[in-house]
Amino acid sequence: MIFLTADTHGELERLTSKDLKFIKKYDTVIVLGDFGFVWQNDKQQIKNLKKTSKLPFKVLFIDGYNENFKALCQYPDAICHGAAAKEICPGQIYYIKRGEILDIEDYKILCFGGADDYIDDVFSDYPPSEEDFANCRANLEKVGYKVDYILTHSPSGKINRFLNMNSHTFGNLFDFLDSLSEKVTYKKWYFGFYHKDKYISQKAQAVYTNFYKIGE
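What counts, and at which threshold
- Residues numbered from 1 in each chain as written.
- Predicted model: local features only at pLDDT ≥ 70, side-chain atom pairs only at ≥ 80, totals over all residues.
- Heavy atoms only, no water.
- Helix = DSSP H or I, 4+ residues; strand = E, 2+ residues; numbered from the N terminus.
- Rg over C-alpha atoms; globule rule 2.2 N^0.38 Å.
- Buried < 20%, exposed > 50% of the residue type's maximum accessible area, 1.4 Å probe, protein only.
- Contact = heavy atoms within 4.5 Å.
- Areas by Shrake-Rupley, 256 points an atom, 1.4 Å probe, with all protein chains shown as cover.
- Lys, Arg positive; Asp, Glu negative; His and termini not counted.
- Charge placed at Lys NZ, Arg CZ, Asp CG, Glu CD.
- Pairing = 2+ DSSP bridges.
- Arc of directions from axis to C-beta.
- Phe/Tyr/Trp six-rings, centres within 6.5 Å; stacked < 30°, edge-to-face > 60°.
- Lys NZ or Arg CZ within 6 Å of the ring centre and 35° of its normal.

### Let's talk about the overall build of the protein
Regarding its fold elements, the protein presents six helices and 15 strands. Against the compact-globule benchmark of 17 Å for 216 residues, the protein has a radius of gyration of 16 Å, which places it among compact chains. Projected onto the principal axes, the alpha-carbon positions of the protein cover approximately 40 × 40 × 30 Å. A buried classification covers 54% of the 216 residues belonging to the protein. Taking contacts inside the protein between residues at least 6 apart in sequence as the whole, the part at least 24 apart equals 65%. With an accessible surface of roughly 10,500 Å², the protein has 50% of that area assigned to carbon and sulfur atoms. Separation of charge centres in the protein, based on 28 positive and 30 negative side chains, amounts to 7 Å.

### Focus: the sheet that holds strand 2 (residues 28-32)
Read from one edge of the open sheet, seven strands run 4-5-6-3-2-1-15, paired in mixed fashion. Strands with a single pairing partner mark the edges of an open sheet, and in this sheet they are strand 4 (77-80) and strand 15 (212-213). As paired strands, strand 4 and strand 5 (residues 83-89) are joined by four bridges and run antiparallel to one another. Each bridged residue has a counterpart across the sheet, and for Ala 78 the counterpart in strand 5 is Ala 85.

### Some points on the pairing of strand 8 (residues 107-112)
Two faces make up the sheet, and in a regular strand the side chains alternate between them. In terms of strand pairing, strand 7 (residues 100-104) meets strand 8 through five bridges, oriented antiparallel. Paired with Ile 101 across the bridge in strand 8 is Leu 110. Between strand 7 and strand 8, which pair antiparallel one after the other, the connecting turn spans two residues, and Glu 105 there sits at a positive phi close to 50°. Where strand 8 and strand 11 (residues 149-152) come together, four bridges link them in parallel fashion. Note that in strand 11 the partner of Cys 111 across the bridge is Leu 151.

### A look at unusual backbone geometry
Peptide bonds are, in most cases, trans, and in most cases residues other than glycine have a negative phi. Look at His 81: it is not a glycine, yet its phi comes out positive at around 50°. Mapped onto the elements, His 81 comes out in the loop between strand 4 and strand 5. Positive phi outside glycine occurs at His 195, with the angle close to 55°. Assignment of secondary structure puts His 195 in the loop between strand 12 (188-191) and strand 13 (198-201).

### Digging into helix 2 (residues 43-53)
For helix 2, the set of buried residues is Gln 45, Asn 48, Leu 49 and Thr 52. The arc that holds every buried residue of helix 2, seen down its axis, measures 100°, which confines them to one face. Facing away from the buried side of helix 2 by more than 90 degrees, the exposed set consists of Lys 43 and Lys 50. Contacts from the buried residues of helix 2 go to helix 1 (13-16), strand 3 (58-62), strand 5 and strand 6 (93-96).

### Some remarks on the packing of aromatic side chains
Taken as a whole and judged by the stated rule, the model has 14 aromatic pairs. Both rings, one in Tyr 186 and one in Trp 189, keep their centres 5.8 Å apart while their planes meet at 80°; by these two values the pair is edge-to-face. For Tyr 186, a relative accessible area of 13% corresponds to the buried category. The class for Trp 189 is buried, based on a relative accessible area of 3%. Just above the ring of Tyr 186 sits the side chain of Lys 203; from NZ or CZ to the centre is 4.1 Å.

Below, the structure written as structure tokens:
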């Protein structure tokens, strides 16, 4: 089974809580950005990664608004369920690159991390590029622009403006995700960023501390 959560920010208890007994051995947890366990490479981070690598389930993550890409880039390239990735802990923890499609448990899942250049005057460390967008389009063309689920850190521009009525922010990623919402056939779109668990519609869900079983 595949479960989704978001914005763990390196908080070990988010993944080791006794309340997560429903997540079984060989299941997969995907964190929708701001994973936080690859950051300073200090003793505490190394300790937390080691503990995370011993969990019974696999952990995948996409990048969020704040990521240490210099640290991420030091890990070896890998393929994880058909998607280009970085192998953080062999066989256990993987970063899924922007615009990649996971082929996992009979699902095709589009993953696109990151956030726009700035949102309400807060600057992203590493905003998505035209190369990221092109990679995403190329991968979607291979599957006829049809996937089962879309996982992002940022919401689409339309949803961002719906959730944050005082925000007038527009940007390349917001626009790109808006174009995906119109062109891609999918069952449901999950995103992080807002630090809230909120049902938007039958096709959109904001994710934070809850764990959502994909397909339900």
